[in-house]
Amino acid sequence: MTGMDSGAAFSFLWAIEDVIYSGLREKVQINSPAFTVNKIDKSQFRLCLYFGNDYIGLYIKREGEPSSILLNFELSILTSDGSFKRVHTITNCICSKDICYGRAQFLTRRELCDNLTSKFESDSLLLRSLIWKNQEELPITGQCYARTRFGFEKFAAVGVIENFSSLKTNERANIRLISTSKPKFSIPINIYVSNETPNVQKVVIEIIPVYEPDVKMTFYTVHFVDGEGNTLECGRRDNFSNRFEKENPKISSLFFPLADLKTNNGRFLPNGYLDDSVREHQILRSYF
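Here the residue numbers are simple positions, counted from 1 along each chain's written sequence. With pLDDT at 70 or above as the cut-off, local features in this predicted model cover only qualifying residues; side-chain atom pairs require 80 or more to be listed or tallied, and sums for whole chains, interfaces and linings still use all residues. Where side-chain values are given, they derive from all heavy atoms of the structure, hydrogens and water being excluded.

In the annotation of an unreviewed UniProt entry, the protein chain is listed under the name Speckle-type POZ protein and assigned to Trichonephila clavata.

See below:
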């Protein structure tokens, strides 16, 4: 994305649509499309939004040559009343390439939800960066706009673990959860009973993520289901897709007390088998 020539300050507006589906989880980073400022040595920049534990950081990063430039930055957010707030200014910065500059505690997670605006799109977050060379306050004479949009799919997948009650401790049952609405996408899981004393034994469910190039984040909610369709939630897990882990994906594990199955009047162990269902399986796709 190329910006206009600017003899003063350059403004870049970045809208993140449906940000509530972007994975408001810890240690997730969202990068804006790159943009070029012709009058600053045709330098290329991008904004980076980082989700920490309690705070969300906002940074700007310069890419490409030269190795360093003396620059000034201003980072801000468009609030629900239409004004730019949470302003963070960096002056006389020797901006090296491929280094992020900004603020780790730009806003809290609560403030992020409060500042979502429908000015451009529903549940959008609008961020702005100003870039200029001279220290004097200058008018904005060049700008560009970009957006990041997150789409998502939601479907259920079901599998049956036969003879579950006869499994020995640490003996894994391997099944695939299949979705009737999306049959080409199946979820392999392992399930077994931990080797512990009876009062603390757990049902361990290992979810093996399936890599897809355009899937950025997957959310799992796993339930046990009895013969009448009643459910018992086992837990939830998120998985951030990483193409470098395609051959050896990281397994996500859920731990559910075995005693909780036994105290439900045998509803979840009829005839020696257990239904295991992902009732809310969400796939997050990212569009730029």
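Trainee: Before we move on, could you go through the overall build of the protein chain and cite the residues and values that matter?
Mentor: Only DSSP runs of H or I reaching four residues or more are called helices, and only runs of E reaching two or more are called strands; each is numbered from the N terminus. Looking only at helices and strands, the protein chain has 2 helices and 17 strands in total. The cut-offs for exposure are 20% and 50% of the maximum accessible area for each residue type, with area from a 1.4 Å probe on protein chains only; residues under the lower value are buried, those over the upper are exposed, and the others partly exposed. Within the protein chain, the fraction of its 288 residues that count as buried is 47%. Note on contacts: a residue pair qualifies if any of its non-hydrogen atoms lie within 4.5 Å across the two residues. Partitioning the intrachain contacts of the protein chain with sequence separation of at least 6 by distance along the chain shows that 65% fall at a separation of at least 24. Element-wise, carbon and sulfur atoms account for 46% of the exposed surface of the protein chain, whose accessible area totals about 14800 Å². Accessible areas in this description were obtained via Shrake-Rupley with a 1.4 Å probe; residue shielding takes into account the shown protein chains only.

Trainee: Got a sec to walk through the environment of I189? Specific residues and values, please.
Mentor: Structurally, the position occupied by I189 is in strand 12 (residues 186-193). When its relative accessible area of 3% is taken as the criterion, I189 is described as buried. Separated by 63 residues in sequence, I189 and S252 place their C-alpha atoms 9.6 Å apart.

Trainee: So, the pairing of strand 6 (residues 68-78): which residues are in play, and what are the values?
Mentor: Taking burial as the measure, the 11 residues of strand 6 include 9 buried ones, the bulk of the element. Pairs of strands are assigned from DSSP output, requiring at least two bridges between the strands. Where strand 6 meets strand 7 (residues 84-96), 9 bridges bridge the pair, whose relative direction is antiparallel. The partner of I77 across the bridge, within strand 7, is K85. Where strand 6 and strand 9 (residues 125-132) come together, 7 bridges link them in antiparallel fashion. Looking at the pairing, S76 lines up with R128 of strand 9.

Trainee: Could you give an account of the pattern of salt bridges, with specific residues and numbers?
Mentor: Salt bridges are defined by distance alone: a side-chain nitrogen of Lys or Arg within 4 Å of a carboxyl oxygen of Asp or Glu. Evaluation of the coordinates by the stated rule reveals 6 salt bridges. Ionic pairing is found between E63 and R46, a salt bridge with its closest N-O pair at 2.7 Å. One end of the pair, E63, is in strand 5 (residues 55-63); the other, R46, is in strand 4 (residues 43-51), and 17 residues separate them in sequence. With relative accessibility at 16%, the residue E63 sits in the buried group.

Trainee: Can you explain the packing of aromatic side chains? Please cite residues and give values.
Mentor: Pairing of aromatic rings covers Phe, Tyr and the six-membered ring of Trp, with a centre-to-centre limit of 6.5 Å; geometry is then stacked below 30 degrees between planes, edge-to-face above 60, and tilted otherwise. This structure, assessed with the given rule, holds 5 aromatic pairs. Here F35 and F45 contribute two aromatic rings whose centre-to-centre distance is 5.8 Å and whose plane-to-plane angle is 25 degrees, an arrangement assigned as stacked. Taken together, the positions of F35 in strand 3 (residues 35-37) and F45 in strand 4 put the pair 10 residues apart, joining distant regions of the chain. Residue F35 is classed as buried on the basis of its relative accessible area of 0%. When the centroid spacing of 6.4 Å and the interplanar angle of 75 degrees are considered together, the rings of F45 and F73 count as edge-to-face. Of the two residues, F45 sits in strand 4 while F73 sits in strand 6, which places them 28 residues apart along the sequence. The buried category is assigned to F45, whose relative accessible area is 0%.

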